[in-house]
Amino acid sequence: MILNTPIDMHLHLREGKMLRDVIPYTINQFAAAVIMPNLVPPVDNRQRLESYKEEILANSENFTPLMNVFMREYTEDELLDLAEDIFAIKLYPAGITTNSEGGVKSIENIYPVLEIMQELGIPLSVHGETNGFVLDREREFAVVYEKLARDFPKLKIIMEHVGTADLLGLLEEYENLYATVTLHHLLLTLDDLAGGMLNPHFFCKPIIKTPADKLKIQEYVKKGHKKVMFGSDSAPHTIKNKLKGAAGVFSAPVILPALAEFFEGDIETFQKFISDNARENFNIEVPERKIELIEEEWTAPYIVGEVKPMWAGKKFRYKVL
Ligand code: DOR
Ligand code: ZN
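Note that this is a predicted model, so its numbers are computed, not measured.

A. Broad picture of the sheet that holds strand 2 (residues 7-11). The strand order 2-3-4-5-6-7-8-9 describes an open sheet built from eight strands, whose pairing is parallel. What marks the edges here is a single partner per strand, and that holds for strand 2 and strand 9 (228-230). The sheet shows a mean angle of 30° between the axes of neighbouring strands, direction not considered. Note that strand 5 (residues 88-91) and strand 6 (residues 124-126) share three bridges and pair parallel. For Lys-90, the partnering residue across the bridge sits in strand 6 and is Ser-125. Strands in contact with helix 2 (residues 46-58) are strand 3 (32-35) and strand 4 (64-70); relative to strand 4, the strand with the most contacts, it is inclined by about 150°.

B. Molecular detail of the packing of helix 6 (residues 165-173) against helix 9 (residues 211-222). Between helix 6 and helix 9, the least distance of the axes is 8 Å, while the angle of their chain directions is 30°. On the basis of the axis angle, helix 6 is roughly parallel to helix 9. Residues Ala-165, Leu-168, Gly-169, Leu-171 and Glu-172 of helix 6 touch helix 9, and the partners they reach there are Asp-213, Lys-216, Ile-217 and Tyr-220. Grouping the constituent residues of the contact of helix 6 with helix 9 by class yields five nonpolar, one polar and three charged.

C. Quick look at the sheet that holds strand 1 (residues 2-4). The strand order across the open sheet built from three strands is 1-10-11, with neighbouring strands paired in antiparallel fashion. Among the strands making up the open sheet, the edge pair consists of strand 1 and strand 11 (315-320). Going from strand to strand, the sheet's axes swing by 35° on average, the running direction of each strand aside. Pairing geometry for strand 10 (residues 290-299) and strand 11, over five bridges, is antiparallel.

D. The arrangement of the nonpolar core in detail. Counting residues in hydrophobic clusters, the biggest one holds 94 residues, and the most contacted among them are Met-71, Leu-114, Leu-124, Leu-183, Leu-256, Leu-259 and Trp-311. If you tally residues by element for this core, the top one is helix 11 (residues 255-263), at seven residues. When residues no more than four places from it in sequence are discounted, the contact partners of Leu-259 are Leu-183, Leu-186, Phe-230, Phe-270, Phe-273 and Ile-274. Formed by 17 residues, the second largest nonpolar core is a distinct cluster that contains Phe-87, Tyr-92, Ile-158 and Ala-278.

E. Broad picture of the coordination of the zinc ion (ligand 2). Coordination sphere of the zinc ion (ligand 2), protein contribution only: His-10 (NE2), His-12 (NE2) and Asp-233 (OD), at 2.0 to 2.1 Å. Between consecutive donors of the zinc ion (ligand 2), the numbers of intervening residues give the motif H-x1-H-x220-D. Taken together, the positions of His-12 in the loop between strand 2 and helix 1 (16-27) and Asp-233 in the loop between strand 9 and helix 10 (239-243) put the pair 221 residues apart, joining distant regions of the chain. Residue classification places Asp-233 among the buried residues on the basis of a relative accessible area of 7%.

F. Broad picture of the site of ligand 1. The environment of ligand 1 is made up of 13 residues, and the closest members are Arg-14, Asn-38, Lys-205, His-237 and Ala-247. Thr-98 is positioned such that a nitrogen or oxygen atom in its side chain is 3.1 Å from an oxygen atom of ligand 1. His-127 has a polar side-chain atom sitting 3.1 Å from an oxygen atom of ligand 1. Applying the majority rule of atoms within 2 Å of the grid points places ligand 1 in the largest cavity.

G. Molecular detail of the pattern of salt bridges. Under the definition given, this model contains 16 salt bridges. We note a salt bridge from Arg-46 to Asp-85, for which the minimum N-O separation is 2.6 Å. With Arg-46 in helix 2 and Asp-85 in the loop between helix 3 (76-82) and strand 5, the pair connects residues that are 39 residues apart, well separated along the chain. According to the relative accessible area criterion, Arg-46 is partly exposed, its value standing at 22%. Overall, the relative accessible area of 35% leaves Asp-85 in the partly exposed class.

H. Up close: the pairing of strand 2. Of all the five residues making up strand 2, five are buried; the element is thus mostly covered by neighbouring parts of the structure. The parallel pair strand 2 and strand 3, bridged by helix 1, forms a crossover whose chirality is right-handed.

I. Examining the environment of Ala-312 more closely. Relative to the helices and strands, Ala-312 resides in the loop between strand 10 and strand 11. On the basis of relative accessibility, which here comes to 23%, the residue Ala-312 falls in the partly exposed class. For the pair formed by Ala-312 and Glu-296, sequence separation is 16 residues and the distance between their alpha carbons is 17 Å. If we skip the residues at most four places from it in the chain, Ala-312 touches Ala-300, Pro-301 and Tyr-302.

J. Local environment of empty space enclosed by the protein. In this structure the tally under the stated criterion is three cavities of 30 Å³ or more. For the largest cavity, the calculated volume is near 120 Å³. Taken together, 18 residues make up the lining of the largest cavity; nearest its centre are His-12, Thr-97, Lys-205, Asp-233 and Ala-235. Class assignment of the residues belonging to the lining of the largest cavity gives a composition of five nonpolar, nine polar and four charged. Approximately 50 Å³ is the volume attributed to the second largest cavity. Every residue along the wall of the second largest cavity is listed here: His-201, Ala-235, Pro-236, His-237, Lys-242, Gly-248, Val-249, Phe-250, Val-307 and Lys-308.

Criteria and thresholds
Residues numbered from 1 in each chain as written. Chains lettered and ligands numbered in written order. Predicted model: local features only at pLDDT ≥ 70, side-chain atom pairs only at ≥ 80, totals over all residues. Heavy atoms only, no water. Pairing = 2+ DSSP bridges. Helix = DSSP H or I, 4+ residues; strand = E, 2+ residues; numbered from the N terminus. Axes fitted to C-alpha atoms, helices over the stretch in contact; angles between N-to-C directions. Contact = heavy atoms within 4.5 Å. Parallel < 35°, antiparallel > 145°, perpendicular 65-115°, else oblique. Nonpolar A, V, L, I, M, F, W, Y, C, P; charged D, E, K, R; others polar. Core = buried A, V, L, I, M, F, W, Y, C linked by side-chain atoms within 4.5 Å. Buried < 20%, exposed > 50% of the residue type's maximum accessible area, 1.4 Å probe, protein only. Donors = N, O, S within 2.8 Å, 3.2 Å for Na, K, Ca; no water. Near = heavy atom within 4 Å. Polar contact = N/O pair within 3.5 Å; in protein donor to acceptor, adjacent residues only side chain to side chain. 1 Å grid on protein atoms, 1.4 Å probe; cavity = no way out; pocket = protein on both sides within 12 Å on 5 of 7 lines; lining within 4 Å. Sits in = over half its atoms within 2 Å of the grid points. Salt bridge = Lys/Arg side-chain N within 4 Å of Asp/Glu carboxyl O. Right-handed = clockwise from strand over helix to strand, strands pointing away. Points joined across faces, edges and corners; volume = space filled by probe spheres on them.

Dropping the structure here:
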């Protein structure tokens, strides 16, 4: 099975040794990825953007990093300067997840920024969660998505890592809303995390939810919904930090083998989800690259540097060549 130019629309690579450890697993499967900016300090200015992009390029080949910057109250001049070199700006509500302390405290504060982004055609990427009860956080955020979609009708807004069925309905109601879906929200539920022995390696934000949520997400992905795109949210943490409670699933090594099983030979829909929808929705132009999967048993790695991958040691029916 050959996939054309897979793109991961949501990826955490970190920096330094961690980046060098994890990046081979992405470039082996993806032609491009949208790179998240929640580093310490965040990627929120030209200098940081350039040095981070250089670090990624120095450690990759045949791979296009599509860079995001971290939302803050940018000036018009800053946005004009950044526009050509970024894919989107990532909005984290303050304190909602890993390294988001410097995030947005009140959405109104960034309305001037959103106004300019809309004019310049810079997409907005959103971590959509409130501070409410953990299982309700995404659903409660729906009103914010709706307000943003209404107030900025020409701004393309990406609801990242959708884990709640209710959010998917918004795709039909608002032309300018899009969604990314992760491997873990597509294939797991809260039972996998906490139904038996606690599995901290499946703990992430937003938390994986109910069987009904999973089924709804699967339904949208299986029908090849145009506005639904793959974004892994692969987010490596050392085992030590995972055991201290850090949120994030390091799914990168197993993505295409797991999705190949999920799509059961429906390559056409697989191709849309993994690349075409994103390229068409966002006019992404990156060098094309073919990735081949063969039907041969493959075992997911047990450990990558200091990180335990999702489904470490699990056997898959497909292998990436
Ligand atoms: O689980 C998560 N991990 N969710 C996020 O939003 C951030 C990510 C990370 O950076 O570790
Ligand atoms: Zn993320």
